[in-house]
Amino acid sequence: MIVGIDIGKSGAISFLDGSFAHALPMPILGKEVDGKEIGDLLRNLKPDLVMVEKVGAMPGQGVTSMFNFGVSYGKVLGILESKGIPYRLVTPQAWKKKVLAGTAKDKDAAIGFVSRAFPDVDLTPGRKKKPHDGMADALCIAEYGRQLMNAGDSA
């Protein structure tokens, strides 16, 4: 099983295991990423590899939002390390280049890829009307990990 994580409150966690694919919005408790729920999910799933999107500050983002984002990033990495779960960081440029080759490499391209590759995955959880792009990104990140493992390049 490979897990893909798109960090942040609007991110998501995805799971690929053989032909099974699933994604869910990032667990949130109050106004923060729910580290306990993420830890419980990962402990129960026992993934072979977790792919985490490696991101940094972007121009125009506020100090508070970047600090909160960094806290979420640290929580996820801390959970993975404390549970001894193998993980690998991947930049958005790297996974998009491989998984979204030949496309605009934007949110719509990720949603389109997921709709074609994993047609049983519902990207509109709950009452959402438009697809959750964090879930699409998380599945693309997991697919990147699967391609790496299939090529013999594990973490």
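Scroll up to find the structure this text is about.
Residues numbered from 1 in each chain as written. Predicted model: local features only at pLDDT ≥ 70, side-chain atom pairs only at ≥ 80, totals over all residues. Heavy atoms only, no water.

## As for the packing of aromatic side chains
Then, number 1: Tallied over the full model, the rule gives 1 aromatic pair.
Then, number 2: Taking the centre distance of 6.2 Å and the plane angle of 85° together, the rings of F113 and F118 count as edge-to-face. Comparing F113 with F118, the two get one shared label, buried. (Phe/Tyr/Trp six-rings, centres within 6.5 Å; stacked < 30°, edge-to-face > 60°. Buried < 20%, exposed > 50% of the residue type's maximum accessible area, 1.4 Å probe, protein only.)

## Regarding the pairing of strand β6 (residues 49–53)
Then, number 1: Most of β6 sits inside the fold, with 5 of its 5 residues counted as buried.
Then, number 2: The two faces of β6 match: L49, M51 and E53 on one face and V50 and V52 on the other face are all buried.
Then, number 3: Examined bridge by bridge, strand β1 (residues 2–6) and β6 share 4 bridges and lie parallel to one another. From the neighbouring strand, I2 faces β6, where its bridge partner is L49.
Then, number 4: Relative to strand β7 (residues 87–90), β6 runs parallel, the two being bridged by 4 bridges. Bridge assignment links M51 to a residue of β7, and that residue is R88. (Helix = DSSP H or I, 4+ residues; strand = E, 2+ residues; numbered from the N terminus. Pairing = 2+ DSSP bridges.)

## Describing the pattern of salt bridges
Pairing between side chains of opposite charge can happen when the charged atoms of each approach one another.
Then, number 1: For the structure shown, the criterion picks out 6 salt bridges.
Then, number 2: D40 is paired through a salt bridge with K36; the nearest N and O atoms lie 2.8 Å apart. Taken together, the residues span about one helical turn, with D40 and K36 both in helix α1 (residues 35–45) at a distance of 4 residues.
Then, number 3: On the basis of relative accessibility, which here comes to 60%, the residue K36 falls in the exposed class.
Then, number 4: Its salt-bridge partner being D137, residue K107 comes within 2.6 Å of it at the nearest N-O pair. Placement of K107 in helix α4 (residues 107–117) and of D137 in helix α5 (residues 133–150) is noted, with a sequence separation of 30 residues between them.
Then, number 5: Taking the relative accessible area as the measure of exposure, K107 reaches 38% and is therefore partly exposed.
Then, number 6: Beyond isolated ion pairs, a larger network of salt bridges with shared partners links K36, D40 and R43. (Salt bridge = Lys/Arg side-chain N within 4 Å of Asp/Glu carboxyl O.)

## Notes on the sheet that holds β7
Then, number 1: Spatial ordering of the open sheet is given by β3-β2-β1-β6-β7, a layout of 5 strands whose pairing is mixed. Each edge of the sheet is formed by a strand with only one pairing partner; in this case those strands are β3 (20–25) and β7. The sheet shows a mean angle of 15° between the axes of neighbouring strands, taken without regard to direction.
Then, number 2: Pairing of strand β2 (residues 12–17) with β3, which is carried by 6 bridges, proceeds in the antiparallel orientation. Within the sheet, the bridge partner assigned to S14 lies in β3 and is A23.
Then, number 3: The sheet strands contacting helix α2 (residues 63–82) are β1, β6 and β7, and the helix crosses β6 at an angle near 165°.
Then, number 4: Each of β1, β2, β3, β6 and β7 touches α5; the most contacted strand, β1, lies at about 140° to it. (Axes fitted to C-alpha atoms, helices over the stretch in contact; angles between N-to-C directions. Contact = heavy atoms within 4.5 Å.)

## Some thoughts on the side chain of E143
Then, number 1: Structurally, the position occupied by E143 is in helix α5.
Then, number 2: Each residue touching E143, except ones within four places of it in the same chain, is listed here: L16, V99, F113 and F118.

## Observations regarding the nonpolar core
In globular proteins that are soluble, nonpolar side chains generally tend to be buried together.
Then, number 1: Ranked by size, the top nonpolar core spans 28 residues in total, and within it M51, L100, V114, F118, L123, L139 and C140 carry the most contacts.
Then, number 2: It is α5 that provides the largest number of residues to this core, a total of 9 residues.
Then, number 3: In this structure, C140 is in contact with W95, V99, L100, A110, F113 and V114, ignoring residues within four places of it in sequence. (Core = buried A, V, L, I, M, F, W, Y, C linked by side-chain atoms within 4.5 Å.)

Everything listed here is a matter of geometry and, on its own, says nothing about what the molecule does.
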